[in-house]
Amino acid sequence: SWTMPNYIDEAVKKIREQVGSEEVILGLSGGVDSSVAAALIHRAIGDQLTCVFVDHGLLRLNEGDMVMEMFARGLGVKVIRVDASTEFMGFLEGVTDPEQKRKIIGREFVEVFQRESVKLPNAKWLAQGTIYPDVIESAGSKTKKAHTIKSHHNVGGLPETLNLKLLEPLRELFKDEVRELGVALGLPHDMVYRHPFPGPGLGVRILGEVKRDYAELLKRADAIFIEELRNTRDEHSGKTWYELTSQAFAVFLPVKSVGVMGDGRTYEWVVALRAVVTSDFMTAHWAELPYSLLGRVSNRIINEVRGINRVVYDVSGKPPATIEWE
Ligand code: XMP
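What you are looking at is a predicted structure, and each value in this text was computed from that prediction instead of being measured. (Residues numbered from 1 in each chain as written. Predicted model: local features only at pLDDT ≥ 70, side-chain atom pairs only at ≥ 80, totals over all residues.)

**Observations concerning the pairing of strand β3 (residues 78-83)**
Here's step 1: Inspection of the sheet shows strand β2 (residues 49-55) paired to β3 by 6 bridges, in the parallel sense. Counterpart to Asp55 in the pairing with β3 is Asp83.
Here's step 2: Handedness of the β2-helix α3 (residues 63-75)-β3 crossover: right-handed. (Pairing = 2+ DSSP bridges. Helix = DSSP H or I, 4+ residues; strand = E, 2+ residues; numbered from the N terminus. Right-handed = clockwise from strand over helix to strand, strands pointing away.)

Right under this line is the structure:
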């Protein structure tokens, strides 16, 4: 009968047979799929695996440190962390068009990964966290609407020019199976059950031009929102609002508005909160969060994040709005 420990044994055996004594390189993004793939491959071949974690500076608050803590310290995986934020910010300077931003971030990601992989000349395999829905989606991508509306950059799409053989141990799994596998492999529950996060990261949540200061403000506002969603339970279901929403995040609006603080007038940035409920991300409802929760998040952001004096809540469904603002 099918059990997770059996599945892991089988998967480990298969990876060992495939790879033999050769070396494997994997692009770690902090997302669930690449993380679970890394944990599984590490279980199978240990130090024959090297992960490259490209930090583009547009990740969530402390995410880079968390990835290193979890993999390098927690699981003993070899991880090369590349802080490419200055380079990414440089290429994004003056760019305001969302699709252009996606293209630049995707292109730079591949560029940095490739540069790092050259330093590992013994690697013969490129591992990816491709899961079953990705396989189906790319097979039918010509007809998929989501692809024509936004060019989804995903960390997975690395080039063939690397001349590496592909190792995709999650290819047959659905998302919930990948999550179960992650927990069984010792990844933290909260990490494995996180909301999805787009490949271009905060790059598409800072409207218009991406700037480092905007990213810093946004990271802090977003972390407050997520913390409150995790800490607040719905009295009827007993679940947290983080569990009751499919995706939630803050968006930085490069707009200044007037406020008052003490005797003075402020003129600062606006943050929008977005929280949706959806089963397939193709259509979505805005989440009916309790006013008390929204109020607490707003107060905390305005009090704790200097530079933001106004918080608004997005009450648009998809369609016609998309989940992300860009
Ligand atoms: P939209 O905004 O199109 O988002 O309603 C649907 C889902 O896709 C995610 N998304 C992306 N994911 N690269 C990604 O990897 C992207 O460029 C991208 N754009 C949107 C979004 O977060 C939501 O879960």
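**What to know about the nonpolar core**
For soluble globular proteins, nonpolar side chains are generally found buried alongside one another.
Here's step 1: By size, the foremost hydrophobic cluster in this structure holds 79 residues, and its most contacted members are Val24, Leu26, Ile41, Cys51, Ala221 and Val271.
Here's step 2: In terms of domain composition, this core takes at least three residues from each of domain 1 (4-192) and domain 2 (205-313). (Core = buried A, V, L, I, M, F, W, Y, C linked by C-beta atoms within 7 Å. Buried ≥ 20, exposed ≤ 12 C-beta atoms within 10 Å, placed from the backbone. Domains from an automatic or database assignment.)

**As for the environment of His195**
Here's step 1: By the element assignment, His195 lies in the loop between α9 (189-192) and α10 (212-231).
Here's step 2: Separated by 193 residues in the primary sequence, His195 and Trp2 have C-alpha atoms spaced 27 Å apart.
Here's step 3: Dropping the residues within four chain positions of it, His195 is found in contact with Ser246, Gln247 and Ala248. (Contact = placed C-beta atoms within 7 Å.)

**Thoughts on the environment of Glu22**
Here's step 1: When you line up the elements, Glu22 lands in the loop between α1 (4-19) and β1 (23-28).
Here's step 2: As for Glu22 and Leu185, which are separated by 163 residues in sequence, their C-alpha atoms are 23 Å apart.
Here's step 3: Glu22 has contacts with Lys124 and Trp125, leaving out every residue within four places of it along the chain.

**Re the domain arrangement of the protein chain**
Here's step 1: Looking at the protein chain, the domain boundaries give domain 1 (4-192) and domain 2 (205-313).
Here's step 2: Look at where the C-alpha atoms of domain 1 and domain 2 centre, and you get two points 28 Å apart.
Here's step 3: Residue classes in the side of domain 1 that touches domain 2 are distributed as 6 nonpolar, 3 polar and 2 charged. (Nonpolar A, V, L, I, M, F, W, Y, C, P; charged D, E, K, R; others polar.)

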